[in-house]
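# Structural overview for review
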Amino acid sequence: MLSLVGRYAGRNEGGTVDVRAAFAAYKRVMDDNSRALEIITDMGETMSGGYLFDIVYLRKAYSDLAASVRVSLKDFNQLTARSYPALTRAFEEIDEHIESLVAGDARPLERLTVRFEEITPAMAREVGGKNFHLAEIRNRLGLPAPDGFALTIFAFEEFIRHNQLGEAIASLESDGDEPGRRRRLRERILAGSIPPSLESDLNVALDWLRSRCGGCNVAVRSSAEEEDGFFSFAGQFETVLGVPAETAAVGDAYRRVAASLFSDEAMAYQRRLGYRPGSLRMAVGCVAMVDAAASGVAYTADPLGGDDSVMVINSSWGLGPSVVEGTADADRFVVEKTAPFEVAQRTLGRKETMTALAAEAGVREIDTAGDRRHAFSLAPRDLEDIVHKALAIEEFYRRPQDIEWALDANGRVVILQARPLRIERAAPAVGLREAAEERGPHEAGPGQASTAGHNVLLHNKGNVVQPGAVGGRVFFASSPEALEEFPRDAILVARHDSPRYARVMPYAAAIITDAGNTTSHMASISREFRVPTVVNTRVATTVLKPGAEITLQAGEDGSMTVYEGIAREIIDEQHDTFLKLEELYEFRRRKFVMKYITPLNLVNPFTDDFAPENCRTIHDILRFIHEKSMRELIEASRHAERGPALKRLDIPFMDNIHVIDIGAGLAAGAGDVIGVDEVASVPLRAILDGMSFPGAWRKGGVPISISDFFTASMRTGSLLEDVDINLAVISHFYMNLAVRFGYHYTVVDCFASQRAASNHIYFRFLGGAADLSKRLRRIEMLEIILDHLGFASRAKGDLITATITNISQEETVRLLDQAGRLMAFTRQLDAMLTSDGAVKEYAQKFIEGDYELFG
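One structure accompanies this document, and this report is about it. This is a predicted model, so every value here is computed, not measured. (Residues numbered from 1 in each chain as written. Predicted model: local features only at pLDDT ≥ 70, side-chain atom pairs only at ≥ 80, totals over all residues. Heavy atoms only, no water.)

## Some remarks on the overall build of the protein chain
This is how the line gets drawn: Helical segments are the DSSP runs of H or I of at least four residues, strand segments are the runs of E of at least two, and each set is numbered from the N terminus. The rule is simple: take the accessible area with a 1.4 Å probe, protein chains only, and divide by the maximum for that residue type; under 20% is buried, over 50% is exposed, in between is partly exposed. Values of accessible area rely on a 1.4 Å probe in the Shrake-Rupley scheme; residue burial ignores everything except the protein chains shown.
The helix and strand inventory of the protein chain stands at 26 helices and 30 strands. Buried residues in the protein chain amount to 57% of all 855 residues. For the protein chain, the exposed area adds up to about 34,500 Å²; of that, 49% sits on carbon and sulfur atoms.

This is the structure in structure tokens:
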């Protein structure tokens, strides 16, 4: 309290606070915040894809934004007497990172290795996307993930310098990256030596890792710049599994991963996305292997159509490659994302083979035992565990995720990787589906002629990965070498799916495979390149003939048909926007900056995560400032200086609400006793309108039992400590109302200006006359209603606190009217909540506008 008083124009006689000074300070912070949010909005709109912008705009816009945030922080620190020094540090860290991105001269992290537990957001680019995300899952979410460390971009550059490979890499751009040049470069990387400095750091890092996992082997994995970011790079770079945790073995694996940056498939992928040849750099992850009983992939939404009410999980016995490389027909589960997590679909895969660790090093493909082929690889409890962990990751990143997991020997679900899930939204496919329905393509079965006059070769076989309608000649990929002969605009038909096919995706009309699954690496890339793809047809290589012309129609609803010949009328109805502006490299590079500005991660102020240390974006900084500034103002109003400024509000339904006007809250010339028509405060008028709404305020009381009466008598003293009089501190746009109704009291704090970014409502309710069980039921009822109104709330005992921010003045007034009705409706209601069933009954009555308690 003393520190609070000291913040605003000194301590007044009697220990009260100059609330006018506090309000002025709060108003300054909100104005600063609003300016910053307006700049963020403008940047978001400009960089959304509808406008062209250049680096000059980006520098100017961010410079203005950073200046606004600094002013906001200065005023916030004054308002809170510097109670949150970690917030300034969080901003400085984010600001430094954004500045380096905007300037294009990010200061390198001059460390060769970094343990996952040491990785911070500022290191994201230097350790690569895959390493960074796994570190976040460990460090911030606390989910099980393997021990490991990153070999950084700096280590890669050191390796390139040490082996004098810079000129060869640069020649890929200047002289062309033809296959022979790439092959020679890969050979030089594979023959390169590990620099002494890197070997020394690798020794130390492996000593540490062995101390954590005993005699484990490790996985050496790619983690290139931007990998698992805007694009997945799924399966484009080499991963070496089962590597002994020794420096020589890891060094060998490191060279293989680094060389894969220049593989034919990876270079084709990079060219397709607009990367300059040789511009991408490779960080590498060294991760303790999980000897998995089962492994797989979880999509936290259905990538085909975007249904985010379910999760799609593929699983097979053993290690993950059989699932992510599409070599096994995996089990497939579609699970609802809300409790009790019902399995909506369950499909048993054949799982003829599985991947296992070899005895000494590496992995091997083995036949799956007969009884396991016919059994699901996940038990219900494992499924639920995966769903829980995947939901936590999705909530953290606030978008659907593609998650690799493993079930270890102890039955524990371990997270191996997480990246954004690309979803094919429904819009482009609606026209296709509607046209298909009009045309009736499914009326004809295989061997029959469709209404368009084309024989149907395949119908509803397999799983659609990417919808679309295309025609072309069939090309059989019998081996990786055969891809050298792949003709432009052909339809690739293969037995298995494989990320190797990425090299021909820029030229492929479509892909159809006998085996594979919708969560494989190839499936991810097909969606990125929007190549119509169907996997797991089981018969494509049998039915379709090399060189034959066919038309594939893959629907967003999961249907598929392959017609004989080129069905031009079907293809012409497909309007594919193949490459959008936002996918161009230069555009994407600048937009990457917004990742550290726009996302809001601090959502619920009642969780432990709502802390300066967890601010990851500029938006998080501003959200924290808004919430804590509001709390400061509430405290200041609670201890407001009263004196001669105190007036009494004369209203017919309630006695003795006293008012302190700190600025245009009352009509000019208002006397000591004021009527409702003299209230000029927007929020106070709104809540009075709600309290006096016909039927909401009951005349008389409700029956109270003897035991409830004694309970209430015992609680009166403690309540009086919080609310000695009913008091409203108001201005034209502000109100802090603290009122006691019998044995419970309510605090409503609100700012309702014409600037939505500055507005908030804070609602607090405590106490009651009845016994504890009835009071708790009233809190539960309030929680249901406040959630329905859009508040974030937290209940503890017979106290509930709820807030809502960033709302228009019109919406604020509407919610205050509802809050007023709620305050009136719930008076003494606890005494009537004699059963758990009454909670939902009365909550529903209020939501429907039925305020009659005895009907």
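Picking up where we left off.
## What about the pattern of salt bridges?
Condition: Salt bridges are counted wherever a side-chain nitrogen of Lys or Arg sits within 4 Å of a carboxyl oxygen of Asp or Glu.
This model, assessed by the stated rule, comprises 42 salt bridges. Ionic pairing is found between R138 and D147, a salt bridge with its closest N-O pair at 3.2 Å. Each of the two residues, R138 as well as D147, counts as buried. Between R538 and D329 there is a salt bridge whose closest N-O contact spans 2.9 Å. Linking R538 in the loop between β19 (533-535) and α18 (540-543) with D329 in the loop between α13 (321-324) and β8 (331-336), this pair joins segments that are 209 residues apart in sequence. Exposure remark for D329: the relative accessible area of 9% places this residue in the buried category. A single network of salt bridges, built from pairs that share partners, joins K27, D31, E38 and R755.

## Examining the pairing of strand β20 (residues 549-554)
Where we set the bar: A pair of strands is labelled paired if DSSP reports no fewer than 2 bridges between them.
Of all 6 residues making up β20, 5 are buried, and the element is well covered by its neighbours. Pairing geometry for strand β16 (residues 468-476) and β20, over 6 bridges, is antiparallel. By the bridge assignment, G468 is partnered in β20 with A554. The pairing of β20 with strand β21 (residues 560-564) spans 5 bridges and is antiparallel.

## Brief notes about helix α22 (residues 682-691)
One turn of the α-helix equals 3.6 residues, which is why residues spaced by three or four share an orientation. Of all 10 residues that make up α22, 7 are buried, and the element is covered over most of its length. Listing the buried residues of α22 in full gives P683, L684, A686, I687, L688, G690 and M691.

## With respect to the environment of L407
The cut-off we apply is this: Contact between two residues is taken to exist if any of their heavy atoms lie within 4.5 Å; hydrogens are not considered.
The residue L407 is located in strand β12 (residues 401-407) in this model. Judged by relative accessible area, which is 7%, L407 ranks as buried. Through-space distance from the C-alpha of L407 to that of L319 is 9.1 Å; in sequence the pair is 88 residues apart. Contact partners of L407, with chain neighbours within four places excluded, come to A292, A293, A294, L378, D382, R412 and V413.

## Quick notes on the packing of helix α24 (residues 772-789) against helix α26 (residues 837-847)
The following threshold applies: Fitting a line to C-alpha atoms yields each axis, with helices limited to the stretch in contact; the angle taken between N-to-C directions then spans 0 to 180 degrees. Put simply, a crossing is left-handed when the front helix is turned counterclockwise from the back one by less than a right angle, and right-handed when it is turned clockwise. Each residue is assigned to one class: nonpolar for Ala, Val, Leu, Ile, Met, Phe, Trp, Tyr, Cys and Pro, charged for Asp, Glu, Lys and Arg, and polar for all the others, Gly among them.
One way to put it is that α24 packs onto α26 with a least axis distance of 9 Å and a crossing angle of 35 degrees. Relative to α26, the crossing made by α24 is right-handed. Residues R777, E780, M781, I784, I785 and H788 of α24 form the contact with α26, whose own contacting residues are V839, K840, Y842, A843, F846 and I847. Residues of the contact of α24 with α26, tallied by class, amount to 8 nonpolar, 1 polar and 3 charged.

## As for the sheet that holds β8
The strands making up a sheet associate through backbone hydrogen bonding, with each pair oriented either parallel or antiparallel. Taken in spatial order, the 6 strands of this open sheet run β9-β8-β7-β6-β12-β13, and their pairing is antiparallel. Edge positions in the sheet fall to β9 (343-347) and β13 (413-420), since each has one partner strand and no second. Within this sheet the neighbouring strands show an average axis-to-axis angle of 15 degrees, counted without direction. Where strand β6 (residues 294-299) meets strand β7 (residues 310-317), 6 bridges bridge the pair, whose relative direction is antiparallel. Bridging from a neighbouring strand, Y299 pairs with V312 of β7.

## Thoughts on the state of the cysteines
As used in these notes, a disulfide is a covalent bond between sulfur atoms, one from each of two cysteines. This is how it is decided: The criterion for a disulfide is a pair of cysteine sulfur atoms lying within 2.5 Å.
Under the definition given, this model contains 1 disulfide. Its sulfur unpaired, C286 is 8.6 Å from the next cysteine sulfur, which belongs to C216. Among the residues examined, C286 registers a relative accessible area of 0% and is labelled buried.

## Here we look at the environment of G214
Mapped onto the elements, G214 comes out in the loop between α10 (196-213) and β3 (217-224). Here G214 falls in the partly exposed class, since its relative accessible area comes to 41%. Between the C-alpha atoms of G214 and A245, which are 31 residues apart in sequence, the distance is 9.7 Å.

## As for the side chain of K351
Rule in force here: Any pair of nitrogen or oxygen atoms within 3.5 Å is treated as a polar contact; in protein, a donor-acceptor pairing is required on top of that, and neighbouring residues in sequence qualify only through side-chain atoms on both sides.
Inspection of the secondary structure puts K351 in the loop between β9 and β10 (353-357). A distance of 3.2 Å separates a polar atom in the side chain of K351 from the backbone oxygen of G349. Excluding residues that lie within four positions of it along the chain, K351 makes contacts with S315, S316, W317, D329, D331, T368, R372, R373 and A375.

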